[in-house]
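Commentary on secondary and tertiary structure
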Amino acid sequence: MSKSFSRVITHSATFLKGHWGGVFSTENPRALGNGICMAMMSLIVASGCGPIPDVTTQPDDGSNSTGGSDNTAGGQSQVGFRFEEDSDPVLANQAFNETELLVQAYPGADPTELAAAYSDAGATVVEALSEIQLDVLRVPEGHLYEAAGRLQQSGMIETLAKSYVYEPGKTANDASFASQDHISSVNLPSAWDRTTGSVDVMIGVVDTGVDGQHVDLVDRLVAGWNVYDGNSEFTDVLGHGTAVAGVLGAMSDNGIGVAGVTWSCPIIPVRAADSAGKSSSRYVASGILWALGHGAKAINVSFAPLWSDRVIRSAAEQAFHRGSLVVMSAGNSSSVATAGGYVEGVFVGALNDQSGIASFSDRGPFVDLVAPGTTVLSTSRGGGYSAVDGTSFAAPIVTGVAALVWSVNPNLRPSTVVDILTRTSRDLGDSGLDSTFGNGLVDASRAVEEAARVNEPPDTTPPTLQVSSPMNNATLSGSTVSSVTSTDTGGVADVVLSIDGVPYATDPRSPYQFLIDPKRYSSTAHQLSYVATDFSGNRSIERQITVTFGSNLGVASSTASQIVFSSPANGSQVTIDVTIRATVLDSDGLSVVEWFVDGVSAFAAPISGTSSGVSFTWRIQGVSRGAHTIALAVTDSLGNRTTGQLSLRR
């Protein structure tokens, strides 16, 4: 049995942009700025996977070189704090950004208290990747470990991680136009007899950019983006991304140059590197999310080592659960890792021209598949062609085959595509799955033939859900982390915790944990309710427990907040995206507003003053017809929560 066939997906992705597609805004200017970034990560529904680091990575094209950190020895903290990734010997010796700290708060953490914790640690928010619930913090040079230790002591932080730095490797060049042996090695000609790709299956290339003027690529590219600089200039700064794009989809059957794995699938170029070709997990994750949000079905990421990168995993998981697949290169440091990778992405090692493992290819249980990775002829920056080496160029062969699989059967789930790729691969090395060749050499012909035969049944099975803590009838006298387990073969979208019937927090990532703060409620018995939802809309059985909150340190307000919806009218029929507007008022002061669609958190943000206009754009593409509930929850400065709602018909 292949590794992918036995996978049980226990993680989720977001019900934000791309699912609900909601956009939140506040019309009170005092509520804007850094406070929004700080609160978004604890309250906005997004994708992630538990603790996550920001790992700066490089294109892994055959000659990676890494350096150690200037302020650690073997990853050991100088002030008694140790990052989780330091247990990985590769990352423990990797250089990192000494002024950047990556933070993920528990869902349910109070945004005001979180902002205070950041300030106390001397940290400021410079970016918030809301889709994966990540705050990027800047800390004073020399104080990274101190800041991390302070934040850990706050009790509100689920993840603390460094931002690892990698230098881009050199691209191997061969002036002779060697034959494209990789095409026959993976049985592409037979696969092309059935499909050369579909214009409806787009491929994302998250890399150093792409030469958009290359004669063999110019007609294959669609509008891309530069997530590093935040503009549309995706021109290749190194040449690495152009070679990756050529392997994937160089113009074929045109009498010139080389042939790509796919002939018709559009390519979305996403530059995720600076002018020197350096990147980071922060930008690679942003690139994945950008490509995903713009229609990419298969997404190639030829940076390494990513097998322990929880930031990239967060983005890959979100893509996986939203119907796309991220394929990553294994790395070129000749190392043998012990990490198992992650089930929501595919890692690809490189073969040499004798069908043995390439000397540079990293190995370990994280490897899923292998593909040719030496003297791969492809496009080069400036309009030419060259032969390149590296797992960077083995990965796009697999990415392209995944696109061909979707081209013959667009209804397949990513888990089914992974199963097809691994199950139809040609076994190499030890019998069955091994740490050198993974499941074996990808076989394009067998994969597309199998894909054409598969009939994907509808998903009607709800997720499983069990409450791990707290125990029923427990007394909670202080802030407590509540944990639940939820699994689903198609992916858990999120788990929602409600207190006394009112949604409290949403966690879209495994492990599912919530920070419950008793001081927001009266010192009495309260009902905690948990519901998990998968990406087909199936809801788990609601699990309920009763707990007693101890001494309430808050001060009760005598009046609830007022919520007045101004447009659209309750019961309105909606045929296009609609902006819902409301005014919120509270004499005790406003703290947080959170929007829900059919009980699922969509957006949240801090707010101030005693009166403010707020709005939320509900994007209806893909939303089922019928009645839907839009709710707005307002938390005042004393922690009291008021909810109002209206019903709209799609």
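These numbers come from a predicted model, not from an experiment. (Residues numbered from 1 in each chain as written. Predicted model: local features only at pLDDT ≥ 70, side-chain atom pairs only at ≥ 80, totals over all residues. Heavy atoms only, no water.)

Taken as a whole, helix α3 (residues 111-120) has its buried residues at P111, L114, A117 and Y118. On an axial view of α3, the arc spanned by its buried residues comes to 115°, and they lie on one face. Exposed side of α3, more than 90 degrees from the buried face: T112, S119 and D120 are the residues found there. G122 occupies a position one or two residues after α3 and carries a positive phi of about 75°. (Buried < 20%, exposed > 50% of the residue type's maximum accessible area, 1.4 Å probe, protein only. Helix = DSSP H or I, 4+ residues; strand = E, 2+ residues; numbered from the N terminus. Arc of directions from axis to C-beta.)

Relative to the assigned elements, D88 resides in the loop between β3 (58-59) and α2 (89-92). Although D88 is buried, it forms no salt bridge, and the closest oppositely charged side chain is R82 at an N-O distance of 9.6 Å. Within polar-contact distance, the side chain of D88 engages the side chain of W307 at 3.0 Å. Within the structure, D88 has its side chain in polar contact with the side chain of S308 (distance 2.7 Å). The contacts of D88, once residues within four sequence positions are left out, are W307 and S308. (Lys, Arg positive; Asp, Glu negative; His and termini not counted. Salt bridge = Lys/Arg side-chain N within 4 Å of Asp/Glu carboxyl O. Polar contact = N/O pair within 3.5 Å; in protein donor to acceptor, adjacent residues only side chain to side chain. Contact = heavy atoms within 4.5 Å.)

Quick look at the nonpolar core now. The biggest cluster of nonpolar side chains holds 99 residues, and the ones touching the most others in it are I288, I299, V301, L325, V398, V405 and L421. Counting residues per element, this core draws most heavily on helix α10 (residues 391-408), at 11 residues. Counting residues in hydrophobic clusters, the runner-up holds 27 residues, among them V103, A117, A121 and L151. (Core = buried A, V, L, I, M, F, W, Y, C linked by side-chain atoms within 4.5 Å.)

Time to look at the pattern of salt bridges. All chains considered together, the criterion is met by 21 salt bridges. The shortest N-O distance in the salt bridge between K162 and D86 comes to 2.9 Å. With a gap of 76 residues between them, K162 in strand β7 (residues 157-164) and D86 in the loop between β3 and α2 connect regions that are remote in the sequence. Comparing K162 with D86, the two get one shared label, buried. Two residues, R453 and E450, come together in a salt bridge whose shortest N-O distance is 2.9 Å.

Enumeration over the complete set of coordinates arrives at 12 aromatic pairs. When the ring of W225 is compared with that of W290, the centres are 6.1 Å apart and the planes differ by 10°; the resulting orientation is stacked. Of this pair, W225 sits in strand β9 (residues 225-226) while W290 sits in helix α8 (residues 281-293), and the two are 65 residues apart along the sequence. The class of W225 is partly exposed, set by a relative accessible area of 28%. Between W595 and F616, the aromatic rings sit 5.4 Å apart at their centres with planes inclined by 15°, giving stacked as the arrangement. Of this pair, W595 sits in strand β28 (residues 590-597) while F616 sits in strand β30 (residues 611-618); the two residues are 21 residues apart in sequence, bridging distant segments of the chain. With respect to burial, W595 and F616 carry one shared label: buried. Put simply, the rings of W307, Y342, F347 and F366 touch in pairs and so form one group of aromatic residues. Positioned above the aromatic ring of F96 is the side chain of K162, whose terminal nitrogen or guanidinium carbon lies 4.3 Å from the ring centre. (Phe/Tyr/Trp six-rings, centres within 6.5 Å; stacked < 30°, edge-to-face > 60°. Lys NZ or Arg CZ within 6 Å of the ring centre and 35° of its normal.)

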